[in-house]
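Okay, here's what each chain looks like letter by letter:
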Amino acid sequence: MEGYTGAPKDLDEYISYSMLTQAEGLKFGIEHYRRNKPHTSGALFWQLNDCWPGTSWSVIDYYLLPKASYHYARKFFSPILLTLDLTPGKDINVWVVNDKLEVYQDEIELVVYDFSGEKVFAKEWHVSVEANAATQIATVLEREALGGLEPEEAVIVIRSKNNQTGENIYFFRDQKDLRFGEAELTVSINPETNELTVTTNMLARMVTIELDQEQLVMEDNFFDLLANETRVIRIEQAQGKEILWETLRVKAINSKKG
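Residues numbered from 1 in each chain as written. Predicted model: local features only at pLDDT ≥ 70, side-chain atom pairs only at ≥ 80, totals over all residues. Heavy atoms only, no water.

Draft legend 1. Quick peek at helix H2 (residues 68-76). Those residues of H2 not exposed but buried are Ala68, Ser69, His71, Tyr72, Ala73 and Phe76. Buried residues along H2 sit against helix H1 (11-35), strand S1 (80-85), strand S10 (204-210) and strand S11 (216-218). (Buried < 20%, exposed > 50% of the residue type's maximum accessible area, 1.4 Å probe, protein only. Helix = DSSP H or I, 4+ residues; strand = E, 2+ residues; numbered from the N terminus. Contact = heavy atoms within 4.5 Å.)

Right under this line is the structure:
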């Protein structure tokens, strides 16, 4: 954690930093392996779950609650992966990994924002990637992509303009070096549909949804939320029990406390 997030100051920060470090580490390694297709066409990681309560490498804990890495894994194992080969201080290589047995054709875009949501750079490509292949489609100069921003104050989003696959989010520097503002999260719930709506006034790093309940199934969790973006998350209990909304807590690493 010292190298990526910096040393935590308290237990809550230790939990957040350890989950973020594990998740980002798995993302970094597995996206690298997938870009190397067919020399390396994938990866298995240890471990899926726990048979007793404890501190471990698992991505699902003993109480069947997924950690950050579980939700990251759903995304970095997507059959169509938009991915960046990004090293701090170097230019950005844009890749598409297509694990499907059909050609992937799409229009994708790479956008850079500051943490308050202002767009400073954007570039688009029409892509056609062969079945079962990984292809580098472009290289973007770091200084051009930053659009005059400091690298500690910018976020990169690569997405399908036709919503054919999920977006991917990257930062120019490691977590410990990023200069986030204090995000104010606005949360509302709809108990009838079991949906939670979250918005933020500026980029919220690793939005975390917590309830005092076991075996919860969430559409997403531990995600980055861009400034002025709204995310609706459906939550279910695996055995069909009512959601204990009165125990709900929603926070981000850089959210306003209290």
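Back to the text.
Draft legend 2. Spatial organisation of the sheet that holds strand S13 (residues 230-237). In spatial order, the strands read S8-S9-S13-S11; together these 4 strands make up an open sheet with antiparallel pairing. The open sheet terminates on both sides in strands that have one partner only, identified here as strand S8 (185-190) and S11. If you compare each strand with its neighbour and ignore which way they point, the axes differ by 25 degrees on average. As paired elements, S8 and strand S9 (residues 195-200) share 6 bridges and run antiparallel to each other. Counted as the bridge partner of Val187 is Val198 from S9. (Pairing = 2+ DSSP bridges. Axes fitted to C-alpha atoms, helices over the stretch in contact; angles between N-to-C directions.)

Draft legend 3. The sheet that holds strand S2 (residues 92-98), seen in detail. A sheet is described by the order of its strands in space; here 3 strands give the open sequence S1-S2-S5, paired in antiparallel fashion. Looking at strand neighbours, the two that pair on one side only are S1 and strand S5 (133-140), the edges of this open sheet. Across the sheet, the mean angle from the axis of one strand to that of its neighbour is 20 degrees, orientation sign disregarded. Sheet strands in contact with H1 are S1, S2 and S5, and its direction is about 105 degrees off that of S1.

Draft legend 4. Broad picture of the pattern of salt bridges. Within the structure shown, the criterion is met by 22 salt bridges. Close ionic contact of Glu124 with Lys161 constitutes a salt bridge, the shortest N to O distance being 2.7 Å. Taken together, the positions of Glu124 in strand S4 (residues 119-129) and Lys161 in the loop between strand S6 (154-160) and strand S7 (168-171) put the pair 37 residues apart, joining distant regions of the chain. (Salt bridge = Lys/Arg side-chain N within 4 Å of Asp/Glu carboxyl O.)

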